[in-house]
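Examination of the molecular architecture
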Amino acid sequence: MSIDLKTIKHIAKLSRISIDDKKAKELEKDLNSIFEFIEALNKVDTQKVDPLTSIAETSLKLRGDEVKTKNIREQILKNSPNENKDFFVVPKVVE
Amino acid sequence: MSDIINLTLSALVNKIKKKELSSQEITSAYIARAEKSKDLNTYITTDFDNAIEKAKKFDEKGNFDYKLPGVPIAVKDLFCTNNLKTTAGSKILSNFIPSYESTVTQHLWDEGAILLGKLNCDEFAMGSSNETSFFGNVESPVGKKVVPGGSSGGSASALAAKLTPTTIGTDTGGSIRQPASFTGTVGLKPTYGSCSRYGIVAFASSLDQAGPMTQDVSDAALMLDVISKYDSKDSTSVNFKRGDYFKSLSSNIKGKKIGIPKEYRVDGMPKEIESFWQDGITLLKKLGAKIIDISLPHTKFALPAYYIVAPAEASSNLARYDGVKYGYRSEGENLISMYENTRSEGFGDEVKRRIMIGTYVLSSGYYDAYYLKAQKIRRLIKNDFDDAYKSVDAILTPSTPNSAFKIGDKTDDPVSMYLNDIFTVPVNLSGLPAISIPAGKDKNNYPLGLQIIGKAFEEQNLLDISYSMEKELSFKNNLQDWWIK
């Protein structure tokens with residue numbers, strides 16, 4: 001199978017990455033060569049094989065829902081890309 | 001001063017404990033050398049002034065019982081360090097200052113170590129040559145315009161060039177072992193679940209594991225003692241009884257059964273690598289080990305499966321970089337275009353490729369054909385190892401199918417770059433521990449490594465085998481300091 005330009009643009013949209021036509025063509029070439037390599041897996045019969053979802057294969061531990069770090073609002077907002085001290089600011093989303 | 005930088009980590013620790021050297025002397029020696037080694041581009045961020053300050057404090061009233069008393073250490077820039085910029089080699093995190101410390105680096109400071117700075121790496125640890133970093137490629141001290149391997153390339157280069165006595169990296173598909181092999185150093189990937197992933201910038205969560213990169217096997221054991229600990233902050237951290245690795249090191253491996261997998265004899269592998277592997281086998285026999293031919297039949301499917309699993313997990317993990325709460329932001333006319341512009345400008349080409357692969361294999365209608373299929377292959381690969389370990393204690397393979405290459409040689413073809421990890425990836429897919437130790441040099445005088453793969457949670461066995469081999473191999477890098485200015 002091969003991935004066409006339309007699919008590349010659709011994946012880019014899903015990935016929230018804007019790409020121009022030149023970039024899309026490059027990605028079409030790269031992704032097709034990578035998928036050609038990946039298709040080797042089709043040679044293996046896996047009908048009776050269980051997927052391996054986690055290497056630890058233990059159940060996740062439960063813990064109490066307790067606050068352990070307090071009053072770090074300022075620290076967290078310090079890395080915010082805008083200079084606002086109180087909120088994360090994004091472009092307007094409601095008209 | 002030249003004496004200091006030639007000491008192994010364990011020798012340095014001894015000298016500090018005996019008060020033959022002060023932390024300030026050692027820290028200054030490494031800083032002075034780093035200042036003259038800028039051409040290698042190993043550091044993204046230095047923290048030298050603070051390091052000197054901390055060394056001074058340690059000399060005044062430090063605890064000399066610590067495992068790393070006053071020892072300066074630089075770490076891969078994938079570990080979050082409180083109040084010090086952490087970039088993961090990416091533009092999108094180029095201004096990110098964490099407000100917390102990764103568990104693994106915290107363990108280093110808790111044992112008395114002092115942070116020198118943050119070392120270059122492939123962007124989000126995606127790469128095998130340290131050429132995908134936003135902060136430029138790293139040069140290896142083993143040769144001019146030669147790659148140090150990746151993704152922990154800055155770490156490997158800094159260690160081999162003696163800019164830090166030891167370092168830590170992360171290994172998702174070979175990112176500790178492959179650069180160790182390329183630079184003539186020791187790189188250990190512990191069992192998945194040994195070292196906490198808390199505070200490490202995530203790439204592929206089911207594969208990522210931190211580990212030591214060191215000058216020799218004893219140093220690796222010492223570092224593992226410090227960083228391998230259960231952590232409740234990492235939901236996949238495993239609470240098993242850890243060894244006293246450094247103290248328990250033994251070079252007696254008589255009667256150990258070592259497997260040689262025939263599937264690692266790949267087409268086009270240079271004769272030199274084949275012959276180093278043979279020499280390794282001969283050496284193990286001489287040391288009293290029993291050599292057993294084994295088969296790991298699904299080996300050739302490991303790399304294709306990895307290039308589904310790792311990008312799929314990466315595409316999910318990297319969804320958080322949207323320009324809202326931290327990191328780089330590019331404005332847009334609405335929220336969606338802000339996301340798209342931020343990610344388009346903030347991520348480099350290799351990261352974009354992998355996000356796109358991951359998004360595709362997880363997208364509606366393709367999940368079963370790709371992701372589920374890859375997880376089933378992953379089971380088969382792990383079963384291969386489980387079967388082999390019924391008759392052997394460890395497995396010996398080459399670390400890489402080739403030695404280091406020139407900068408720019410493989411950047412045009414992603415698949416040829418991916419093939420670098422053909423011997424290291426099966427280990428990550430199976431969660432096993434493995435170590436790369438330098439075995440010799442090829443005709444270009446570039447180092448080559450051998451990989452020993454162990455059973456899950458049996459790091460001591462792995463360390464003992466490599467320790468006994470290292471003694472006999474007596475490998476020396478003998479670098480000529482050509483990069484020093």
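My aim in this report is to walk through the structure given alongside it, one point at a time. (Residues numbered from 1 in each chain as written. Chains lettered and ligands numbered in written order. Predicted model: local features only at pLDDT ≥ 70, side-chain atom pairs only at ≥ 80, totals over all residues. Heavy atoms only, no water.)

Section: the overall build of chain B
Quick reminder of the rule: Elements are defined by DSSP. Helices are runs of H or I of four residues or more, strands are runs of E of two residues or more, and each kind is numbered from the N terminus. Within these notes, the globule rule equals 2.2 Å times the number of residues to the 0.38 power, and the radius of gyration is based on C-alpha atoms. The cut-offs for exposure are 20% and 50% of the maximum accessible area for each residue type, with area from a 1.4 Å probe on protein chains only; residues under the lower value are buried, those over the upper are exposed, and the others partly exposed. Contacts are assigned to residue pairs with any non-hydrogen atoms lying within 4.5 Å of each other. To be clear on the numbers: accessible area is Shrake-Rupley with a 1.4 Å probe, and residue cover counts the displayed protein chains and nothing else. Two residue types count as positive, namely Lys and Arg, and two as negative, namely Asp and Glu; His and chain ends fall outside the count. One atom stands in for each charge, and that atom is NZ of Lys, CZ of Arg, CG of Asp or CD of Glu.
Regarding its fold elements, chain B presents 17 helices and 11 strands. For chain B, whose C-alpha radius of gyration is 21 Å, the value lies close to the compact-globule estimate of 23 Å for 485 residues. For chain B, the C-alpha atoms occupy an extent of roughly 65 × 55 × 45 Å along the three principal directions. Per-residue burial over chain B gives 67% buried out of 485 residues. Summarising the internal contacts of chain B: among those between residues at least 6 apart in sequence, 75% fall at separations of at least 24. Accessible surface computed for chain B: about 16400 Å², of which carbon and sulfur atoms make up 47%. Averaged over its 58 positive side-chain charges, chain B has a centre that lies 3 Å from the centre of its 57 negative ones.

Considerations on unusual backbone geometry
All names here are of chain B. Residue serine 151 is reached from glycine 150 by a cis peptide bond, and omega for that bond is 5°. Mapped onto the fold, serine 151 is located in the loop between strand S3 (114–119) and helix H6 (153–160). Look at lysine 145: it is not a glycine, yet its phi comes out positive at around 55°. Assignment of secondary structure puts lysine 145 in the loop between S3 and H6.

A word on the pattern of salt bridges
Heads up, the condition is: Every case where a carboxyl oxygen of Asp or Glu lies within 4 Å of a side-chain nitrogen of Lys or Arg is listed as a salt bridge.
For the coordinates displayed, the defined rule picks out 22 salt bridges over all chains. Between lysine 23 of chain A and aspartate 349 of chain B there is a salt bridge, and its shortest N-O distance comes to 2.7 Å. With lysine 23 of chain A in helix H2 (residues 21–38) and aspartate 349 of chain B in helix H13 (residues 349–362), this pair bridges two chains. Between glutamate 20 of chain B and lysine 15 of chain B there is a salt bridge; the shortest N-O distance is 3.3 Å. Glutamate 20 of chain B sits in the partly exposed class, given a relative accessible area of 45%. Assessed through its relative accessible area of 29%, lysine 15 of chain B is described here as partly exposed. Counted as one network, the salt bridges with shared partners bring together Lys29 and Asp30 of chain A together with Glu350, Arg353 and Arg354 of chain B.

Regarding the interface of chain A and chain B
Here is the rule we go by: What gets called buried area is simply the loss in accessible area from a 1.4 Å probe that two parts show on being joined, summed for both. Counted as a polar contact is a pair of N or O atoms within 3.5 Å, where, for protein atoms, one must be capable of donating a hydrogen and the other of accepting one, and residues adjacent in sequence contribute only when both atoms are in side chains. Side-chain classes are defined by residue name, with Ala, Val, Leu, Ile, Met, Phe, Trp, Tyr, Cys and Pro counting as nonpolar, Asp, Glu, Lys and Arg as charged, and the others, Gly among them, as polar.
Opposite the 49 residues of chain A that make contact, chain B presents 60 residues. Where chain A abuts chain B, roughly 5000 Å² becomes buried across the two surfaces, and 68% of that area is made up of carbon and sulfur atoms. Taken together, chain A and chain B are joined by three salt bridges. The partner of lysine 13 of chain A in a salt bridge is glutamate 340 of chain B, with the nearest N and O atoms 3.0 Å apart. Where chain A packs against chain B, one counts 17 residue pairs in polar contact (both at pLDDT 80 or more). It is H2 of chain A that contributes the most residues to the side of chain A that touches chain B, 10 residues altogether. Of the residues assigned to the side of chain A that touches chain B, the class counts are 28 nonpolar, 12 polar and nine charged.

Overview of the sheet that holds strand S2 (residues 72–76) of chain B
Residue and element names in this part refer to chain B. Where we set the bar: Paired strands, in this sense, are two strands between which DSSP finds at least two bridges. Where helices are involved, their axes are fitted lines through C-alpha atoms of the stretch in contact, as for all axes, and angles between N-to-C directions lie from 0 to 180°.
Across the sheet, three strands lie side by side as S1-S3-S2; this open sheet has mixed pairing. In the strand order of this sheet, the two ends are held by strand S1 (43–46) and S2, each with one partner. Between one strand and the next, the sheet's axes are offset by a mean angle of 30°, whatever the strand orientation. As defined by bridge partners, S1 adjoins S3 across three bridges and the pair is classed as antiparallel. In the strand pairing of S3, threonine 45 is matched with lysine 118. The sheet contacts of helix H5 (residues 103–110) involve S2 and S3, and relative to S2 the element is tilted by about 175°.

Brief notes about the side chain of arginine 242 of chain B
All names here are of chain B. Locating arginine 242 in the fold gives a position in the loop between helix H8 (217–227) and helix H9 (245–248). Summary of buried charges: arginine 242 has no salt-bridge partner, and the nearest side chain of opposite charge, glutamate 459, is 8.0 Å away. At 2.9 Å, the side chain of arginine 242 forms a polar contact with the side chain of serine 228. At 3.1 Å, the side chain of arginine 242 forms a polar contact with the backbone oxygen of valine 238. Setting aside chain neighbours within four positions, we find arginine 242 in contact with Gly193, Ser194, Ser228, Lys229 and Tyr230.

Remarks on helix H10 (residues 271–286) of chain B
All names here are of chain B. As a reminder of what qualifies: Working rule for helices: expected span equals 1.5 Å times residues minus one. Note that the arc is defined by the directions from the helix axis to the C-beta atoms.
With 16 residues, H10 extends 22 Å between its outermost C-alpha atoms, agreeing within 8% with the 22 Å of an ideal straight helix rising 1.5 Å per residue. Here H10 has its buried residues at Ile273, Phe276, Trp277, Gly280, Ile281, Leu283 and Leu284. In a view along the axis of H10, the buried residues occupy a sector of 165°, so they form one face of it. Structural note: H10 exposes Lys271, Thr282, Lys285 and Lys286 on the side pointing more than 90 degrees away from its buried face. The inward-facing, buried residues of H10 contact strand S7 (257–261), strand S8 (290–294), strand S9 (394–398), strand S10 (434–441), strand S11 (447–454) and helix H17 (459–473).

Side note on the sheet that holds S11 of chain B
Residue and element names in this part refer to chain B. Across the sheet, which stays open at both edges, the eight strands sit in the order S4-S6-S5-S10-S11-S9-S7-S8 with mixed pairing between neighbours. Lying at the two open borders of the sheet, with one neighbouring strand each, are strand S4 (167–170) and S8. In this sheet, adjacent strand axes meet at a mean angle of 30° when their direction is disregarded. In this sheet, S9 lies alongside S7 in parallel orientation, the contact comprising two bridges. Within the sheet, the bridge partner assigned to glycine 259 lies in S9 and is isoleucine 395. Across the sheet, H6 is in contact with S4 and strand S6 (210–214); its angle to S6 comes to roughly 25°.

A short note on the nonpolar core
Residue and element names in this part refer to chain B. Heads up, the rule is: Among buried residues, the Ala, Val, Leu, Ile, Met, Phe, Trp, Tyr and Cys ones that are joined through side-chain atoms within 4.5 Å form a nonpolar core.
In this structure, Leu68, Leu108, Phe124, Leu396, Leu463 and Met469 are the most contacted members of the largest nonpolar core, which totals 154 residues. For this core, the element with the most residues is helix H11 (residues 302–317), which contributes 10 residues. Every residue in contact with leucine 463, bar those within four places of it in the chain, is listed here: Leu188, Val217, Ala220, Ala221, Leu224, Tyr245, Leu249 and Ile435. Phe182, Ala404, Phe405 and Tyr446 belong to the second largest nonpolar core, which has eight residues in total.

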